[in-house]
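Structural description and commentary
The lines below spell out each chain.
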Amino acid sequence: MEEKNVYTLEDLRDWKTATAGLEKPIRLAVFGDPVEHSASPLMHNAALEQMGQAYRYARVHVKPDELEEAIKLAGENDFLGVNLTLPHKNSALRLVGEVDDQARKLGAINTVLFEHGESIGFNTDGPGFVRAIRSEFYVDVKDLRVLVLGAGGAGRAIAVQCALERCAGLILANRTLEKAERLAQEVAPYFESERLEGPGDRLQVVPWTNDRIAAVLGSVDLVVNATSVGLRRSDPPVLPAAILLPHLMVYDTIYVQRLTRLCMAAQEAGARWANGFSMLLWQGVLALEIWLDRDAPVEVMRQALKETLGV
Ligand code: NDP
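Residues numbered from 1 in each chain as written. Predicted model: local features only at pLDDT ≥ 70, side-chain atom pairs only at ≥ 80, totals over all residues. Heavy atoms only, no water.

1. Thoughts on unusual backbone geometry
The condition is simple: Put simply, DSSP marks the helices as runs of H or I at least four residues long and the strands as runs of E at least two long, and each gets a number from the N terminus on.
Cis geometry is found at the peptide bond from Asp33 to Pro34, where omega equals 10 degrees. Between Leu86 and the following residue, Pro87, the backbone shows a cis peptide bond with an omega angle of 0 degrees. Here Pro87 lies in the loop between β4 (81–84) and β5 (98–99). Positive phi, close to 60 degrees, is recorded for Tyr138, a residue that is not glycine. Locating Tyr138 in the fold gives a position in the loop between α6 (125–137) and β8 (145–149). You will see that Arg166, though not glycine, has its phi angle at about 55 degrees, which is positive. With respect to the element layout, Arg166 can be found in the loop between α7 (153–164) and β9 (169–173).

Structure representation (structure tokens):
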């Protein structure tokens, strides 16, 4: 029997039949809705092959009201773990037996480990971002003043991770200002110094206008686009080249194109830039290391991801 491109909850309910005759059993998967687009299977299967592991990683289409049962069935079907993608990252928090401390602080899970009959939730998106910045720019987030554009799922994970790293400064901007303000309130405790009463200048929220953002760019080291602006080729860059400065590092979490609109603008402004490919890669590397408890073959995964995405 051929491996399916996408499995379903129905398949998980009768996993033996759904996977009968496969050369290698499937013991890892990504759950999402939608999930057909996920590049994770190719990246992980290349790594599993290289590591000599006799099992595979697959896609499973799991709707929001199916997640609880799907996690339970994966454990029962001898899975080592699963990745969770949209829209499951938040709701999974209450569906696993244990939650790793960092994932709890990030308020989301993207990796589940099944161990001794227990399910344990982790988050590798935030740590994956930190590794991505280090690998792209050879700097540590903790030493940087960071401007995060966007306060949705990705923006939140990145902003909270920056706070957990105790980064030198954090500025939040989001089209819907209240969301950035709420996020700032949440991370404020990480910026309270012993001497100051409140978070002081290290944490700010700026309104979503080019003028207000331009006014803070002189005191920022790293700009992160965590909005969906730029996903479509017809989108304008989230910030124009005219306001970007040459000293900046610009990280666009978008990975569907190599030279995203924002990366193009950064290049024009003489700034260093990178797209979200490295974050996608590192969240996968860290997940595999959680499941297998050994170093993952990063270069093999990078190559497989490159080929899959065509970037
Ligand atoms: P969400 O839907 O949760 O959030 C979308 C964000 O984009 C919100 O902040 C929203 O602002 C903002 N936004 C949407 N449209 C506009 C617009 N026209 N102008 C200004 N702001 C806008 O999405 P995610 O957080 O899950 O994803 C955001 C991006 O992060 C995507 O591009 C995705 O590709 C990328 N990503 C990359 C990953 C990686 O590994 N590299 C991992 C996860 C995500 P508002 O709150 O006002 O609606």
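Moving on from the coordinates now.
2. Let's talk about helix α12 (residues 298–309)
Each full turn of the α-helix corresponds to 3.6 residues, which orients residues three or four apart in the same direction. Condition: How far a helix is expected to stretch is found by multiplying one less than its residue total by 1.5 Å. Accessibility here uses a 1.4 Å probe with only protein chains present; expressed as a share of the type maximum, an area under 20% marks a residue as buried, one over 50% as exposed, and anything in between as partly exposed. The arc refers to the directions leading from the helix axis to the C-beta atoms. The contact criterion used throughout is that any non-hydrogen atoms of two residues lie within 4.5 Å.
The terminal C-alpha atoms of α12, which comprises 12 residues, lie 16 Å apart, in line with the 16 Å expected from a rise of 1.5 Å per residue. Those residues of α12 that fall on the buried side of the exposure criterion are Val298, Met301, Ala304 and Leu305. The buried residues of α12 occupy one face: seen down the axis, they fall within an arc of 130 degrees. Exposed and facing more than 90 degrees away from the buried side of α12 are Glu299 and Glu307. Against α3 (40–50) and α11 (277–292) lie the buried residues of α12. Following α12 by one or two positions, Gly310 has its phi on the positive side, about 65 degrees.

3. Quick look at the sheet that holds strand β2 (residues 26–32)
As a reminder of what qualifies: For two strands to be treated as a pair, DSSP must find at least two bridges joining them. All axes here are fitted lines through C-alpha atoms, helices being fitted over the stretch that makes contact, and every angle between N-to-C directions spans 0 to 180 degrees.
The mixed open sheet is built from seven strands, whose spatial order is β1-β3-β2-β4-β6-β7-β5. Edge positions in the sheet fall to β1 (7–8) and β5, since each has one partner strand and no second. One ladder, built from two bridges, connects β1 with strand β3 (residues 56–61); its direction is parallel. Directly across from Thr8, in β3, lies its bridge partner His61. Across the sheet, α3 lies against β2, β3 and β4, angled at about 160 degrees from β3, the strand it touches most. The strands touched by helix α4 (residues 67–76) are β2, β4 and β6 (111–115); relative to β2, the strand with the most contacts, the crossing angle is about 170 degrees.

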